[in-house]
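Here's the letter readout for the chains.
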Amino acid sequence: MTMIADNLQSVRARIVSACAAAGRDPGLVKLLAVSKTFGPQAVRAAHAGGQAEFGENYLQEAVNKMAALTDVPLVWHCIGPIQANKTRLVAEHFDWAHTLDRLKIAQRLSDQRPGHLAPLQVCLQVNIDGGATKAGVPPGEALALAREVAGLPRLVLRGLMTIPEPAPDFPSALVVHQRTRALFEQLQADGLRLDTLSMGMTADLEAAIHAGSTMVRVGTAIFGGRLRAP
Ligand SMILES: *Cc1c(COP(=O)(O)O)cnc(C)c1O
């Protein structure tokens, strides 16, 4: 078995124990392998290890990688920032986008989504811990944006995504993830049909799962350390 396949097994085991500790069904927590900065061979090794869904941050890098992997059936998630002049790359190449935080970007993605592809699955990125310059919609504006995005014809709003500041320990990570969970439930209570809470990375996936994450985005624990900063 390759090191990547081996690492995948360890991450799946972490997910299973976190679900057991939280009394949750592990079948309801999806693993997204974050392959940014790693080449097509690393993605192939992960695919051989049973992984089908991949997250990418840098759009041009991602599109080049996809072109080298057309022989494997993979699901691609955009988890990096989306500038207005890059929406076409996302609309034409990805299955999911997790980082919507402005209506203008959402409208462009909907307009540019090719007719032969299924609607783009999207999450709103929420700035749950409030850094002033941080990406993400402020929690107080999430409901209004979610209603607008849910009305766009070529997008399917699936849920919320967060990238909180690194937390020093499990309890502090948990508190922040629980805030996102509460917001998620508030939006559901308002009638939005959401099923995806994209939160938790290598360092905090246990806390995220405890708080209700349905999709953890894991890079380092699968592919190893990155030379380029995220
Ligand atoms: C890089 C990245 C990840 C993966 O982070 P690791 O700590 O390597 O698991 C997850 N989500 C986003 C948005 C990222 O940019």
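What you are looking at is a predicted structure, and each value in this text was computed from that prediction instead of being measured.

Analysis parameters
Residues numbered from 1 in each chain as written. Predicted model: local features only at pLDDT ≥ 70, side-chain atom pairs only at ≥ 80, totals over all residues. Heavy atoms only, no water. 1 Å grid on protein atoms, 1.4 Å probe; cavity = no way out; pocket = protein on both sides within 12 Å on 5 of 7 lines; lining within 4 Å. Points joined across faces, edges and corners; volume = space filled by probe spheres on them. Nonpolar A, V, L, I, M, F, W, Y, C, P; charged D, E, K, R; others polar. Near = heavy atom within 4 Å. Polar contact = N/O pair within 3.5 Å; in protein donor to acceptor, adjacent residues only side chain to side chain. Areas by Shrake-Rupley, 256 points an atom, 1.4 Å probe, with all protein chains shown as cover. Salt bridge = Lys/Arg side-chain N within 4 Å of Asp/Glu carboxyl O. Helix = DSSP H or I, 4+ residues; strand = E, 2+ residues; numbered from the N terminus. Buried < 20%, exposed > 50% of the residue type's maximum accessible area, 1.4 Å probe, protein only. Phe/Tyr/Trp six-rings, centres within 6.5 Å; stacked < 30°, edge-to-face > 60°. Contact = heavy atoms within 4.5 Å. Expected span 1.5 Å × (residues − 1). Pairing = 2+ DSSP bridges. Right-handed = clockwise from strand over helix to strand, strands pointing away.

Caption draft 1: Structural view of empty space enclosed by the protein. Evaluation of the coordinates by the stated rule reveals one cavity of 30 Å³ or more. By volume, the largest cavity is sized at about 30 Å³. Residue composition of the lining of the largest cavity, by class: five nonpolar, three polar and two charged.

Caption draft 2: Structural detail: the site of the ligand. Taken together, 13 residues lie around the ligand, and K36, N57, T202, T220 and R226 are the ones closest in. Note that a nitrogen atom of the ligand is positioned 2.9 Å from one of the side-chain N or O atoms of R217. In isolation the ligand exposes 390 Å². Once the protein is present, 91% of that is buried. When its residues are assigned to classes, the shell around the ligand shows six nonpolar, four polar and three charged.

Caption draft 3: Highlighting the pattern of salt bridges. Going through the model one piece at a time under the given rule, you end up with 11 salt bridges. As a salt-bridge pair, E92 and R88 come within 3.5 Å of each other at their nearest N and O atoms. Within this pair, E92 and its partner R88 are both found in helix α4 (residues 87–93), separated by four residues, close to a single helical turn. Residue E92 is classed as partly exposed on the basis of its relative accessible area, which comes to 35%. When the shortest N-O distance is used, the salt bridge between K134 and D129 registers 2.7 Å. Classification of K134 as partly exposed rests on a relative accessible area of 23%. The exposure class of D129 is partly exposed, given its relative accessible area of 28%. In this structure, a network of salt bridges that share partners links the residues E56, E61 and K65.

Caption draft 4: Broad picture of the packing of aromatic side chains. Considering all chains together, one arrives at two aromatic pairs under this definition. Ring geometry for F54 versus W76: centroids 5.8 Å apart, planes at 40°, classification tilted. Here F54 is found in strand β2 (residues 53–56), whereas its partner W76 is found in strand β3 (residues 75–78), with 22 residues between them in sequence. In this pair, the class of F54 matches that of W76, namely buried.

Caption draft 5: Examining the side chain of Q121 more closely. Position of Q121 among the secondary structure elements: in strand β5 (residues 120–125). Apart from residues lying up to four places away in sequence, Q121 is in contact with D95, W96, A97, V156 and R158.

Caption draft 6: Structural view of helix α7 (residues 170–189). Look at α7: 28 Å from first C-alpha to last across 20 residues, which is about the 28 Å you get at 1.5 Å a residue. Buried within α7 we find A173, L174, V176, H177, T180, L183, F184 and L187. Those residues of α7 that are buried are in contact with α6 (139–150), β6 (155–161), β7 (196–198) and α8 (205–211). Immediately downstream of α7, the backbone of G191 shows phi near 105°, a positive value.

Caption draft 7: Expanded view of helix α3 (residues 59–67). Turning to α3, its buried residues are L59, E61, A62, V63, K65 and M66. Turning to α3, the residues buried within the fold contact α2 (40–48), β2, β3 and α4.

Caption draft 8: Structural context of the pairing of β2. Residue alternation in β2 divides its side chains into two sets, E53 and G55 and F54 and E56, and both sets are buried. Pairing analysis gives two bridges linking strand β1 (residues 30–34) to β2, with the strands arranged parallel. Opposite V34, over in β2, you have G55 as the bridge partner. Read as a crossover between parallel neighbours, the route from β1 over α2 to β2 is right-handed. Since β2 and β3 lie parallel, the crossover through α3 that links them has a hand, and here it is right-handed.

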